[in-house]
Amino acid sequence: MAMTEQEILAGLGEIVDEVAGVPADQVTPDKSFVDDLDIDSLSMVEIAVAAQDKFGVEIPDDQLKNLKTVQDVVNYVHSAEVSA
Amino acid sequence: MRLAEGTAGARILAFGAYQPARVVTNDEIAQQVDTNDEWIRSRVGVVSRRIAGPDESVADMAVAAGGKALAASGLSPGDIDLVIVATCTPEAPIPNTAATVATRLGIVAPGAFDLNAACAGFCYALATASDAVRAGTSRHVLVIGAEKLSQWVDWTDRSTCIIFADGAGAAVVGPVAEPNASPGIGPVVWGSDGAMADKIFIKDRQSFIFQEGQAVFRWATTALHPVAKKACEAAGVDPGELAAFVPHQANLRIIEAIAKKIGAPQARVATDIIHSGNTSSASIPLALSAMIERGEVGSGSAVLLLGFGAGISYAAQVITVP
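Predicted model, so just to flag it, every value in this text is computed and none were measured.

A. Fine view of the overall build of chain A. What chain A contains, in helices and strands, is four helices and zero strands. In chain A, the succession of α and β elements from N to C terminus is α-α-α-α. Here the C-alpha radius of gyration of chain A, 11 Å, is about what a compact globule of 84 residues would show, namely 12 Å. Principal-axis analysis of the C-alpha atoms places the extent of chain A at approximately 30 × 25 × 20 Å. Across the 84 residues in chain A, those meeting the buried criterion constitute 32%. Sequence separation of at least 24 residues holds for 56% of the intrachain contacts in chain A that already meet a minimum separation of 6.

B. Structural context of the interface of chain A and chain B. The interface is formed by seven residues belonging to chain A together with eight residues belonging to chain B. Tallying contributions element by element places helix 2 (residues 41-55) of chain A first for the side of chain A that touches chain B, with five residues. Tallied by class, residues from the side of chain A that touches chain B come to three nonpolar, one polar and three charged.

C. Examining the domain arrangement of chain B more closely. All names here are of chain B. Partitioning chain B into structural domains gives domain 1 (10-175) and domain 2 (189-320). Residue-level contacts link 45 residues of domain 1 with 41 residues of domain 2. Where the side of domain 1 that touches domain 2 is concerned, the elements lending two or more residues are strand 1 (10-18), strand 3 (48-50), helix 5 (121-135), strand 6 (141-148) and strand 7 (166-175). Partitioned by chemical class, the residues of the side of domain 1 that touches domain 2 number 27 nonpolar, eleven polar and seven charged.

D. Highlighting the pairing of strand 6 of chain B. Residues and elements named next belong to chain B. Counting buried positions along strand 6 yields eight of eight residues, so the element is predominantly enclosed. Burial of strand 6 is two-sided: the residues Val 141, Val 143, Gly 145 and Glu 147 facing one way and the residues Leu 142, Ile 144, Ala 146 and Lys 148 facing the other way are all buried. In the sheet, strand 4 (residues 82-86) pairs with strand 6 via five bridges, with the strands oriented parallel. Bridged to Val 83 within strand 6 is Leu 142. Where strand 6 meets strand 7, eight bridges bridge the pair, whose relative direction is antiparallel. Bridge assignment links Val 143 to a residue of strand 7, and that residue is Ala 171.

E. Molecular detail of unusual backbone geometry. All names here are of chain B. Residue Pro 95 is bonded to the preceding Ile 94 through a cis peptide linkage, with omega at -5 degrees. Counting through the fold element by element, Pro 95 comes out in the loop between strand 4 and helix 4 (97-104). Note that the residue after Gly 311, namely Ile 312, is joined by a cis bond; omega there is -10 degrees. The residue Ile 312 is located in the loop between strand 13 (302-309) and strand 14 (313-320) in this model. Not every positive phi belongs to a glycine, and Ala 109 is a case in point at roughly 55 degrees. Topologically, Ala 109 is positioned in the loop between helix 4 and strand 5 (111-115). When the 9 C-beta atoms within 10 Å are taken as the criterion, Ala 109 is described as exposed. A positive phi is found at Ala 118, a non-glycine position, where the angle reads about 50 degrees.

F. Region of the structure containing the sheet that holds strand 11 (residues 244-247) of chain B. Residues and elements named next belong to chain B. Read from one edge of the open sheet, five strands run 8-14-13-11-12, paired in mixed fashion. Where the open sheet ends on each side, the last strands, each with one partner, are strand 8 (189-192) and strand 12 (268-269). Of the strand pairs in this sheet, strand 11 and strand 12 are connected by two bridges, and their pairing is parallel. By the bridge assignment for strand 12, Phe 245 is matched with Val 269.

G. Representation of the packing of helix 3 (residues 58-73) of chain B against helix 4 of chain B within the structure. All names here are of chain B. Running from N to C, helix 3 and helix 4 cross one another at 50 degrees; their axes reach a closest spacing of 9 Å. Our classification of the angle between helix 3 and helix 4 gives oblique. Pair helix 3 / helix 4 crosses with right-handed handedness. Residues Val 58, Ala 59, Ala 62, Val 63 and Gly 66 of helix 3 lie in contact with helix 4, whose contacting residues are Thr 97, Thr 100, Val 101 and Arg 104. Looking at the contact of helix 3 with helix 4, its residues break down into five nonpolar, three polar and one charged.

H. Local environment of the sheet that holds strand 6 of chain B. Residue and element names in this part refer to chain B. If you walk across this open sheet you meet the five strands as 1-7-6-4-5, and the pairing is mixed. Whereas interior strands pair on both sides, the edge strands pair on one side only; in this sheet they are strand 1 and strand 5. Strand-to-strand twist across the sheet, computed as the mean angle between neighbouring axes with direction ignored, equals 15 degrees. Here helix 3 sits on the sheet in contact with strand 1, strand 4, strand 6 and strand 7, set at roughly 130 degrees to strand 1. Along the sheet face, helix 4 touches strand 4, strand 5 and strand 6 and points at about 125 degrees away from the line of strand 4.

I. Layout of the environment of Arg 104 of chain B. By secondary structure assignment, the location of Arg 104 of chain B is in helix 4. Considered as a pair, Arg 104 of chain B and His 275 of chain B are 171 residues apart in the sequence and their alpha carbons are 29 Å apart.

What counts, and where the lines are drawn
Residues numbered from 1 in each chain as written. Chains lettered and ligands numbered in written order. Predicted model: local features only at pLDDT ≥ 70, side-chain atom pairs only at ≥ 80, totals over all residues. Helix = DSSP H or I, 4+ residues; strand = E, 2+ residues; numbered from the N terminus. Rg over C-alpha atoms; globule rule 2.2 N^0.38 Å. Buried ≥ 20, exposed ≤ 12 C-beta atoms within 10 Å, placed from the backbone. Contact = placed C-beta atoms within 7 Å. Nonpolar A, V, L, I, M, F, W, Y, C, P; charged D, E, K, R; others polar. Domains from an automatic or database assignment. Pairing = 2+ DSSP bridges. Axes fitted to C-alpha atoms, helices over the stretch in contact; angles between N-to-C directions. Parallel < 35°, antiparallel > 145°, perpendicular 65-115°, else oblique. Left-handed = near helix turned anticlockwise from the far one by under 90°.

Rendered as structure tokens:
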């Protein structure tokens, strides 16, 4: 069964904490990965890989570059799950 | 037809290393291109690298490292019957580097060839040397990884010029004398995927090295720890027994990511990239030589080597420190 946006957000928070050491409670929808959470392009790849493991949704590099905010990733995972 | 009489195992007798004298710091690079020390340290982990002089060739560096390994092995040039130079930056298509290096070291009429598996080159060459000794087609092999990547780097491209560097590392491989003794070079686990040839390449002789950083990072941090684990399995060595893990010094973030996943928290992890940069096929013997010299890994201990890079190609094996 597809996860809710809230569940994806919570899962993403855990991933960002694990990969970049940013506390999960700071991973809120409007935050920009680069500007607000200080996450660089290589950490974004690690987040994408971890997201694939956790949500079963692949985020290729050419899509990854368009995902600027936490909400962008939540939307991407959510819509991929719904269409799957 | 008859076959050569081989030996049960092959081992590394000694290592040798050579780095150019010139140290290039991040600050020096930041004077040429738009980058800075903090950015370079956080993205690739390099603080400084060694760059060869304009007249210093790949063969010069290979001779320096090979000569040191030969001297440390206690063998004489006449004992070596095969010379393999792993390099992806030879001076010319022909002649190869290995024959020239052999002659300059006083090694007369050995088998000699260059091997190009890019940054996996040293592990490929070591496996080939081990197999030649085991098959009995060679007795003692001089294996060298040597690169002058600075020649193939666009020094105005801040995505690559901060990473690559020059140097050479060498090992002398010989038979395991005692019957039933543990072999010093475990089975290689190697592979490639030409479908990813466009991720790291030098298009032609007029071009510079190109790398799709994110794609390489994704591949390296997801596909290689299983290769490393397989090499341990093939050697019958539990990752928990490893004294050290010496991966190709590609990028400190890649090194740390793979190291976390191989199940060897006790193993010392080579981080030679910090002061040597990425020297492709030279990086593994350079890093391991330095660790041995500093006394970080003792004689007889098991070390996991993992080479990976353009091709893409990769190879891993467990070795015993001489």
